Amino acid sequence: EPPKRAPRSDPTSARSRGRWPPALHARMAEEDASRMPHGLVFFLGMLGACCWVLVLVPQALLNLRRRSTEGMSLSLVILWQSAVCISGGYYASAFLQGVEDEGDGGGGHGGSGTVWAVMSCMSCGLVCCFIEGQVLAYRPKSHADGGEASGRSPCFVLATCTMSLSSVFIAICGALMLLFSRLPELASYILGNAVPTALLGLGFIPQIWEFVTSRSIAGYSFGVTAIDIVGCLGNSIVLFAPADVSLGEAVKESMPFIIVIFMHIVLIATALWVIGVGEQRGDARTAGTFVEKDVPAQPSAADPDEGCANACDAEPVAV
């Protein structure tokens with residue numbers, strides 16, 4: 001009989017619960033002594049998991065309304081997708097290992113929190129695939145692409161690219177799951193937790209740079225920022241709830257969420273700076289406002305006085 005592997009620690013255990021991405025441990029309220037009401041802890045954990053599922057949905061909806069992805073940094077989406085892909089494989093491997101240990105009588109368990117983590121990562125990754133499909137579907141047509149004569153509607157391109165990218169994403173997650181099942185626990189933990197956290201933080205830099213270089217905040221949905229901050233706050237509070245966790249340990253465990261909140265604050269500050277520069281220059285596009293004014297008609301060759309009358313009647317525009 002082959003030797004049994006030692007059960008690996010559950011990434012949603014009390015020691016590591018709540019590390020990025022949000023991992024809701026459904027039995028937390030029943031198992032752990034808490035500084036807060038158990039119902040509140042459960043609600044905040046559920047809120048954090050749901051926010052991570054929906055974090056990029058506002059951006060996808062904005063792209064659909066504008067039929068354009070201009071102003072959104074594709075690098076942000078790719079870095080975040082890489083992060084959820086790695087963590088999705090990590091948590092899927094932990095879940096399968098827990099089920100295997102439970103079947104062998106090793107005392108392990110898949111953990112409902114691990115299931116929530118896998119679902120959160122997969123959902124966010126599939127939304128990333130949809131946004132990447134939007135980038136390909138809404139890109140400006142050129143003569144090299146055949147222009148309008150190509151016969152490919154944006155809806156067709158969007159659906160085809162989304163399905164193709166989703167298949168590749170799921171396949172990579174499966175490959176990473178197999179890789180994590182064979183790595184030592186320490187290496188698996190570093191690759192499955194530290195690396196995704198770094199990728200999340202780095203993802204903000206391209207979007208900040210997009211704001212600065214274009215002098216415009218158009219194209220980015222700040223619903224992403226609102227949902228992400230709410231989710232990070234909820235998960236951070238959950239980490240301070242267990243009575244047996246010291247303040248220093250809770251701060252250490254919540255550091256990934258704190259980093260994400262800090263980067264969102266930097267993003268908002270950059271956006272406010274861009275708006276201020278736009279107002280000083282009178283640039284309506286930069287400030288996010290679009291004002292339409294009546295343009296005086298040009299005088300015709302037949303009646304040159306007609307244009308002068310229209311110009312005198314037009315509403316003056318402040319510069």
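Residues numbered from 1 in each chain as written. Predicted model: local features only at pLDDT ≥ 70, side-chain atom pairs only at ≥ 80, totals over all residues. Heavy atoms only, no water.

Focus on the overall build of the protein
Item 1. Within the protein, the secondary structure is distributed over 11 helices and 0 strands.
Item 2. Going from the N terminus to the C terminus, the protein shows its helices and strands as α-α-α-α-α-α-α-α-α-α-α.
Item 3. By residue count, 42% of the 319 residues in the protein fall in the buried class.
Item 4. Within the protein, residue pairs in contact and separated by at least 24 positions form 79% of the contacts whose partners lie at least 6 positions apart.
Item 5. Split by element, the accessible area of the protein, about 16600 Å² in all, is 67% carbon and sulfur. (Helix = DSSP H or I, 4+ residues; strand = E, 2+ residues; numbered from the N terminus. Buried < 20%, exposed > 50% of the residue type's maximum accessible area, 1.4 Å probe, protein only. Contact = heavy atoms within 4.5 Å. Areas by Shrake-Rupley, 256 points an atom, 1.4 Å probe, with all protein chains shown as cover.)

What about helix α6 (residues 154-182)?
Item 1. Counted at 1.5 Å a residue, the expected span for α6 with its 29 residues is 42 Å, and the 42 Å between its end C-alpha atoms agrees.
Item 2. Among the residues of α6, those classed as buried are Val157, Leu158, Cys161, Thr162, Ser166, Phe169, Cys173, Leu176 and Phe180. (Expected span 1.5 Å × (residues − 1).)

Regarding the packing of helix α7 (residues 185-214) against helix α10 (residues 255-281)
Item 1. Relative to each other, α7 and α10 sit at 0°, their axes nearing to 10 Å. When the axes of α7 and α10 are compared, the pair comes out roughly parallel. Where α7 approaches α10, its residues Thr197, Leu200, Gly201, Phe204, Gln207, Ile208, Phe211 and Val212 are matched on the opposing element by Pro256, Val260, Met263, His264, Val266, Leu267, Thr270, Ala271, Trp273 and Val274. (Axes fitted to C-alpha atoms, helices over the stretch in contact; angles between N-to-C directions. Parallel < 35°, antiparallel > 145°, perpendicular 65-115°, else oblique.)

Notes on the packing of aromatic side chains
Each aromatic ring pair is characterised by the separation of its centres together with the angle its planes make.
Item 1. In the structure shown here, the tally under the stated rule is 7 aromatic pairs.
Item 2. Between Trp52 and Trp80, the ring centres sit 6.4 Å apart and the planes meet at 40°, which makes this aromatic pair tilted. Taken as a pair, Trp52 in helix α2 (residues 38-54) and Trp80 in helix α4 (residues 74-103) lie far apart in primary sequence, 28 residues in all.
Item 3. Taking relative accessible area as the criterion, Trp52 reaches 3% and is therefore assigned buried.
Item 4. For Trp80, a relative accessible area of 1% gives the class buried.
Item 5. A centroid spacing of 5.8 Å and a plane angle of 80° characterise the contact between Phe211 and Tyr220, whose relative ring orientation is edge-to-face. The two residues Phe211 and Tyr220 agree in class, both being buried.
Item 6. Within the aromatic cluster, the residues linked to one another by ring pairs are Trp52, Trp80 and Phe204. (Phe/Tyr/Trp six-rings, centres within 6.5 Å; stacked < 30°, edge-to-face > 60°.)

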